[in-house]
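Structural characterization, general
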Amino acid sequence: MPESPIPQNSSMVPPPLPTVPLNYRSGSGGIDEAAWHTAGRLFAMDKAILPNRCIKCNGTEDVRMKRKQFTWAPPIVYLGLLGGLLPCIILVMVLQKKATVTYGMCAVHRRKRWNVTWISLGTLAFSIFLFVMAGVLENGIPVIFGILGILGALIYAAVAGPVLKPHKIDQSIIQLKGCGPVFLQSLPNTQWE
Ligand SMILES: [Zn+2]
């Protein structure tokens, strides 16, 4: 029987598994063609994988990649509101475009993102508590603060929650707002849109 080509004197310890198991292209290939920046915005091809760095601070330590699908509809859909909510919803469904981008965030910025979630949920929970208190005390004043709390939590979550916000999706190119300037500067710059 021929000898196995595998060297028998090698250590039996298997190679370490990658810390981030990705089923798709790793962050090293084709990035220059897939993402660039203009006018403070990130431009990326649909399904682009951004460099393995934090999109907020450009840090490389403990970066985790996240794949996210963005949806965007042109502002004209809001004209549909003139005819009521239903025409607006139909316009959104017909005209909306989608693009997927994989981006990285460091531990510090992932924690900041979670803080927004916990503060929003905490405010919502406290608002519900105020509604209960209004019932127990048979006093309407806590309801007012409860409604303000719910509105505040929803607005805060909508404004501070999204890490990246789509500015436009055209053909198969997505424009995103929310990347840090140092990260943007690390990408190629083009003057055309
Ligand atoms: Zn960061």
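Residues numbered from 1 in each chain as written. Predicted model: local features only at pLDDT ≥ 70, side-chain atom pairs only at ≥ 80, totals over all residues.

1. Thoughts on the sheet that holds strand E5 (residues 97-105)
Under the convention used in this document: Strand pairing requires that DSSP identify at least two bridges connecting the strands. For the purposes of this entry, the term helix denotes a DSSP run of H or I that reaches at least four residues, the term strand denotes a run of E that reaches at least two, and both are numbered from the N terminus. Axis lines are fitted to C-alpha atoms, over the contacting stretch for helices. Their N-to-C directions set the angle, which ranges from 0 to 180 degrees.
The strand order across the open sheet formed by three strands is E3-E5-E4, and the pairing between neighbours is mixed. In the strand order of this sheet, the two ends are held by strand E3 (48-54) and strand E4 (64-72), each with one partner. For this sheet the average axis-to-axis angle between neighbouring strands, irrespective of direction, equals 25°.

2. Remarks on the sheet that holds strand E6 (residues 165-170)
Within a sheet, each strand pairs with its neighbour through backbone hydrogen bonds, oriented either parallel or antiparallel. In space, the four strands of this open sheet follow the order E1-E2-E7-E6, with antiparallel pairing throughout. Because the sheet does not close on itself, it has two edges, and the strands there are strand E1 (35-38) and E6. Pairs of neighbouring strands in the sheet enclose a mean axial angle of 25°, with direction left out of account. In this structure, E6 lies alongside strand E7 (residues 173-177), joined through five bridges in antiparallel fashion. Each residue of the ladder has a partner; that of Asp-170, found in E7, is Ile-173.

3. Remarks on the nonpolar core
Our working rule: By convention the nonpolar core is taken to be a set of buried residues drawn from Ala, Val, Leu, Ile, Met, Phe, Trp, Tyr and Cys and joined through C-beta atoms within 7 Å. Exposure in this text rests on C-beta crowding, where 20 or more other C-beta atoms within 10 Å of a residue's own make it buried, 12 or fewer make it exposed, and counts in between make it partly exposed. The C-beta atoms are placed from the backbone. Placing a C-beta atom from the backbone of each residue, one calls two residues in contact when those atoms lie within 7 Å.
Grouped together as the largest cluster of nonpolar side chains are 25 residues, with contacts concentrated most on Ala-35, Ala-44, Leu-50 and Val-101. Apart from the residues within four sequence positions on either side, Ala-35 is in contact with Leu-42, Phe-43, Ala-44, Ala-48, Leu-50 and Leu-187.

4. Focus: the environment of Leu-176
Counting through the fold element by element, Leu-176 comes out in strand E7. The buried category is assigned to Leu-176, around which 27 C-beta atoms lie within 10 Å. In this structure the C-alpha to C-alpha distance between Leu-176 and Lys-165, which are eleven residues apart in sequence, comes to 5.5 Å. Beyond its immediate chain neighbours, meaning those up to four positions away, Leu-176 contacts Arg-41, Leu-42, Ala-44, Val-101, Leu-164, Lys-165, Pro-166 and His-167.

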